[in-house]
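Listed below, chain by chain, are the residues.
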Amino acid sequence: MTPLAPLVLPALRAAGLGLALGLIGAVATPVGAAPLQQPAATLYRGGDILTMAGPKPAYAEALVEKGGRILYVGPLAGAIKAAGGGARQVNLAGRTLLPGFIDAHGHLVLASHTLLNADLIGVKSIPELLGRMKAHAATLPEGVMVEGMGYRAEQLAENRHPTKEELDSVSTTRLVFVQDGSGHQGSINSVLLKQMGWNASSKDPAGGVITRKPGSSEPSGHIAEAPVFAVLAAKAPLTPAQIRQGVGKAVALWTANGQTTASEMGFGLSDDDIDVVRQMLDEKLLPIDLLLFVKHSFLEQAKAGRSAVVAQYADPASRAPRVDSDGRYLNRVRLAGVKFWLDGSMDNAFMSQPYTNNPSGNTEKNFRGLAVDPQAAVETTVATTWKSNRQVAGHSIGDQAVDNFLVAIEKAYAAQGPADHRPIIQHAQFLRPDQIVRAKKVGAITSFTAGGIYPMGDYLARLMGPERLAWAGAAGSVQRAGIPWTIHHDMPAGVSPSLIYALWNIVNRTTKSGVVLAPQERVSAYDGLRALTINGAYQFHEEKTKGSLEPGKLADLVVLSANPLKVDPLTIKEIQVLETIKEGTSLYRNPSLSAGGATTASVPSSAPINEKDNCLVPHDHPQKPLNPAQQAAMDRLLAPRP
Ligand SMILES: [Zn+2]
């Protein structure tokens, strides 16, 4: 990545700087001159520099970055001195500088392959869906499967999935596959049906449905559950060029949304994951940090297969530590922990008491949702990692799921005593007051899927009734209890990749119908920003290097068009990310900046796009055995690090 030009050319016109003008200024290196021995410093000034360093907002007049780290934060005069000669200046021109955002729960690895598909999120009709698929097909080489993802049958004018005949209009020679937003259903064209061997005389695979045409046994094209995973498993593996392209797209999406640390909260969800990460390591594809939380069953498989190929496979150059990152990372990838699913989506959240109203199509009496991963495995893993540097994160939407995760943590706490483990209660959609007390005692973190409040809040109210709404995404209560909570986007399973949009949700808690969901759970914009910065760093044991603007920390920065603390809270979602900087290197600049820094009035990716999903990614498919190169990549990640 080439560093981009400063936001605004230096213009030290502030009164009283006098002699300082002689000390600082953008110094162009003459052509042919010897390169500087020390990297030049960059001085930021002229806007709100919000340090996020304490429980109350604190501003600095200037910040100096040098060699990827923050050298100085404080008054301008001291900054000029600290920056030294030849420093580059950035006049923020009234904009806001913050620590780079930390993605507390996303799926960057998964996004690296789903972003290669046609984006079907928000399509309103089958002709529109087919149009997007045809446009996508035109960009692909002949022979590559044409895939799309993200439509919702109930949001289409036709209120159904596409038929094979409709998908045949995309291609009659290539394989065509569309997956809905949940990832559990989809449709395929005639060529793909034929390749899979599914026809009028074939039986449905166990655990799934091949829908037939009315009054006939001929497949209609629609498939659900097991056949969807069978199609995914039969896909040709991604080529190295596709992986490079997919990782590039995912990184572009994360950095356009101000994130300098990304996460994959389900490494091993897809068979492609391991090859994506292997190539990230081998080719140093990542300009931002990536934390991996491994799907529990995948980790067990990788550990069982620990191989001897690592020594001959490992390239010493790729292991060379980076001066700009902490030693737990390998080429910006860190295997930070293990991920469990204590329950599923909003439609089957595991509750201690039955739903008030069942999800549509569900007629089960006293329906309470369901448990997913075996409790014994959760308890064993929490116990064995309790005093190690591998964290455990538990997907827990319903209060019974939270309870089960807490029980596992409490057992480890009782047997081994307190530890700085920081188990992460993921989603924490229904968190009872008594559970907040228990979480605090064992040092657990809660991470809320804030972006769902606006699009899903009314749906939640219908499912769970008014009393339990008080527990929904209870950030206010958790804040008052003194637990360092975070918010996350969960992309590509979430609503929007924008953490600004998540912030707007957690601060206002307004639903689509205009109701404020449990008003007592609203938080201040500052506490919401802490959830994206210093608390995110704390959640991952990285608060010593990230999350606030303090000397010695990494210069991971984001420039916003406005200060979230100084605008009407209802307009927070209109704030734009203007620039994203990782360890001093600019990775993203908002296109609106190209014309001399003028900003546009366009709203960022804040429109709700995916209503019901909540980390609904299928996670229970059987994993293929690892090949030697994949096993070697896992061995490198599993090797003991500080
Ligand atoms: Zn997730």
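What you see is a predicted model, and the numbers here were worked out from it, not measured in a lab.

Next up on the list: the overall build of the chain. When its secondary structure is counted, the chain shows 21 helices and 22 strands. Looking at the chain residue by residue over its 642 residues, the buried ones come to 58%. Considering only contacts within the chain whose residues lie at least 6 apart along the sequence, 76% involve residues at least 24 apart. Looking at the chain as shown, the accessible area adds up to about 24500 Å², and 58% of this sits on carbon and sulfur atoms.

You can see Ser548 is positioned in the loop between α20 (534-539) and β20 (557-560). For Ser548, the side chain forms a polar contact with the side chain of Lys553, separated by 2.6 Å. Once residues lying within four places of it in the same chain are set aside, the contact partners of Ser548 are Thr51, Met52, Ala53, Ile70, Pro99, Ile534 and Lys553.

Here strand β13 (residues 259-267) lies mainly inside the structure; nine of its nine residues are buried. As paired elements, strand β6 (residues 101-102) and β13 share two bridges and run parallel to each other. Bridged to Phe101 within β13 is Gln259. Taken together, β13, helix α9 (residues 273-283) and strand β14 (residues 289-295) form a β-α-β motif whose crossover is right-handed.

Further remarks concern the sheet that holds strand β12 (residues 219-225). Read across the sheet, six strands follow the order β7-β8-β9-β10-β12-β11 without closing on themselves; strand pairing throughout is mixed. Of all the strands in the sheet, just β7 (118-119) and β11 (208-212) have a single pairing partner and so form its edges. Across the sheet, helix α4 (residues 126-137) is in contact with β7, β8 (146-151) and β9 (176-180); its angle to β8 comes to roughly 145°. Of the strands in this sheet, β8, β9, β10 (185-188), β11 and β12 are in contact with helix α7 (residues 226-234), which crosses β12 at around 90°.

Moving on, we get to the packing of helix α18 (residues 499-508) against helix α19 (residues 525-532). Close contact between α18 and α19 brings their axes to 9 Å; oriented N to C, the two are set at 140°. One finds that α18 runs oblique with respect to α19. Both α18 and α19 take part in a crossing whose hand is right-handed. Residues Leu499, Leu503, Ile506 and Val507 of α18 form the contact with α19, whose participating residues are Ala525, Gly528, Leu529 and Leu532. The residue makeup of the contact of α18 with α19, split by class, is seven nonpolar, one polar and no charged.

Looking now at the pairing of β12. Burial analysis of β12 places six of its seven residues in the buried class, which makes it a mostly covered element. Across three bridges, β10 lies against β12 in antiparallel orientation. Considered in β12, the bridge of Ser187 is made with His222. In this sheet, β12 lies alongside β11 in antiparallel orientation, the contact comprising four bridges.

Two modes of strand pairing occur in sheets, parallel and antiparallel, and in both the strands are linked by backbone hydrogen bonds. Across the sheet, which stays open at both edges, the eight strands sit in the order β6-β13-β14-β15-β16-β17-β18-β19 with parallel pairing between neighbours. Looking at the sheet topology across the chains shown, the edges are occupied by β6 and β19 (486-487). Strands in contact with helix α14 (residues 399-416) are β16 (391-396) and β17 (424-427); relative to β16, the strand with the most contacts, it is inclined by about 160°.

Let us now look at unusual backbone geometry. Look at the link from Met491 to Pro492: it is a cis peptide, with omega at 5°. As for its position among the elements, Pro492 is in the loop between β19 and α18. The phi angle at Lys284 is positive, at roughly 50°, despite the residue not being glycine. If you trace the backbone, Lys284 turns up in the loop between α9 and β14. Even without being glycine, Asn331 reaches a positive phi, approximately 50°. Counting through the fold element by element, Asn331 comes out in the loop between α12 (316-319) and β15 (333-341).

Another point: the packing of aromatic side chains. A full pass over the atoms with the stated rule returns six aromatic pairs. Each residue in the set Tyr454, Tyr501 and Trp504 is aromatic and connected to the rest through ring pairs, giving one cluster. Sitting over the face of the ring of Trp341, Lys339 holds its NZ or CZ atom 4.0 Å from the ring centroid. In this arrangement the basic side chain of Arg422 is found over the ring face of Tyr538, its NZ or CZ atom lying 3.7 Å from the centre.

If you look at soluble globular proteins, the nonpolar side chains tend to sit buried side by side. Within the largest apolar cluster, 106 residues are counted, with the highest numbers of intra-cluster contacts made by Met280, Ile506 and Met634. The element best represented in this core is α18, accounting for eight residues. By size, the runner-up hydrophobic cluster in this structure holds 16 residues, among which are Ala118, Val123, Val176 and Val178.

Turning to the environment of Phe405, a few remarks are in order. Relative to the assigned elements, Phe405 resides in helix α14. Spatially, the C-alpha atoms of Phe405 and Pro423 are 9.3 Å apart, while their sequence positions differ by 18 residues. Not counting residues within four places of it along the chain, the set of residues in contact with Phe405 comprises Leu342, Val378, Val382, Val392, Ala393, Gly394, Ser396, Pro423, Ile424 and Ile425.

Relative to the elements of secondary structure, Leu92 occurs in the loop between β4 (88-91) and β5 (96-99). For the pair Leu92 and Val559, spaced 467 residues apart in sequence, the C-alpha to C-alpha distance is 8.2 Å.

Bringing the packing of helix α10 (residues 296-304) against helix α21 (residues 628-638) into the picture now. Remark: α10 packs on α21, axes separated minimally by 10 Å, with the N-to-C direction vectors making an angle of 100°. It follows that α10 is roughly perpendicular to α21 by the angle criterion. When α10 is examined against α21, the residues Phe298, Leu299, Ala302 and Lys303 are found in contact with a partner set consisting of Gln631, Met634 and Leu638. Classifying every residue of the contact of α10 with α21 gives five nonpolar, one polar and one charged.

Helix length check: α4 (12 residues) gives 16 Å between terminal C-alpha atoms against 16 Å at 1.5 Å per residue, within 8%. Within α4, burial applies to Ile126, Leu129, Leu130, Met133, His136 and Ala137. Buried residues of α4, viewed axially, fall in a sector of 125°; they line one side. Of the surrounding elements, those touching the buried residues of α4 are β7, β8, α5 (164-168) and β9.

For the structure on display, the rule yields 30 salt bridges. Glu147 is paired through a salt bridge with Lys235; the nearest N and O atoms lie 3.1 Å apart. Remark: Lys235 occurs in the loop between α7 and α8 (240-256) and Glu147 occurs in strand β8; sequence separation between them is 88 residues. Comparing Glu147 with Lys235 shows no difference in burial state: the two are buried. The salt bridge partner of Glu283 is Arg244, with a shortest N-O separation of 2.7 Å. Highlighted residues: Glu283 in helix α9 and Arg244 in helix α8, separated in sequence by 39 residues. Residue classification places Glu283 among the partly exposed residues on the basis of a relative accessible area of 34%. Owing to a relative accessible area of 40%, Arg244 belongs among the partly exposed residues under this scheme.

So, how was this worked out
Sequence positions are assigned chain by chain, starting from 1 and proceeding in written order. Local features in a predicted model are, by the rule used here, given only for residues with pLDDT of at least 70; side-chain atom pairs are given and counted only at 80 or more, and totals for whole chains, interfaces and linings are based on all residues. Excluded from the side-chain calculation are hydrogens and water; included are all heavy atoms of the structure. Strands here mean DSSP runs of E at least two residues long; helices mean DSSP runs of H or I at least four residues long; both are numbered from the N terminus. Accessible area is worked out with a 1.4 Å probe on protein chains only. A residue is then buried under 20% of its type maximum, exposed over 50%, and partly exposed in between. In this description, contact between two residues means that some pair of their heavy atoms is separated by no more than 4.5 Å. Each accessible area is a Shrake-Rupley result for a 1.4 Å probe, and residues are judged covered by the shown protein chains and nothing else. N or O atoms within 3.5 Å of each other form a polar contact, as long as, within protein, one can give a hydrogen and the other can take it, and as long as residues adjacent in sequence are counted only when both atoms are side-chain atoms. Each pair of strands is called paired provided DSSP finds at least two bridges between the two strands. A right-handed crossover is one whose linking path, passing over the helix from the first strand to the second, runs clockwise when the strands point away from the viewer. To get an axis, fit a line to the C-alpha atoms, keeping to the stretch in contact for a helix; angles then go from 0 to 180 degrees between the N-to-C directions. For classification, angles of less than 35 degrees are called roughly parallel, those exceeding 145 degrees roughly antiparallel, those between 65 and 115 degrees roughly perpendicular, and all remaining angles oblique. Crossing handedness is read from the near helix: turned anticlockwise from the far helix by less than a right angle, it gives a left-handed crossing, and turned clockwise, a right-handed one. When residues are sorted by character, Ala, Val, Leu, Ile, Met, Phe, Trp, Tyr, Cys and Pro go into the nonpolar class, Asp, Glu, Lys and Arg into the charged class, and all the rest, Gly among them, into the polar class. In this scheme Phe, Tyr and Trp rings, the latter by its six-membered ring, pair at centre separations within 6.5 Å, and the angle between planes marks the pair as stacked below 30 degrees, edge-to-face above 60, and tilted otherwise. Note on geometry: a ring has a charge over it if NZ (lysine) or CZ (arginine) is within 6 Å of the ring centre and within 35 degrees of the ring normal. To qualify as a nonpolar core, a set must consist of buried Ala, Val, Leu, Ile, Met, Phe, Trp, Tyr and Cys residues joined through side-chain atoms within 4.5 Å. Under the convention used throughout, the expected extent of a helix is 1.5 Å for every residue step, that is, one less than its residue count. What the arc covers is the set of directions going from the helix axis to the C-beta atoms. One speaks of a salt bridge when a side-chain nitrogen belonging to Lys or Arg is within 4 Å of a carboxyl oxygen belonging to Asp or Glu.

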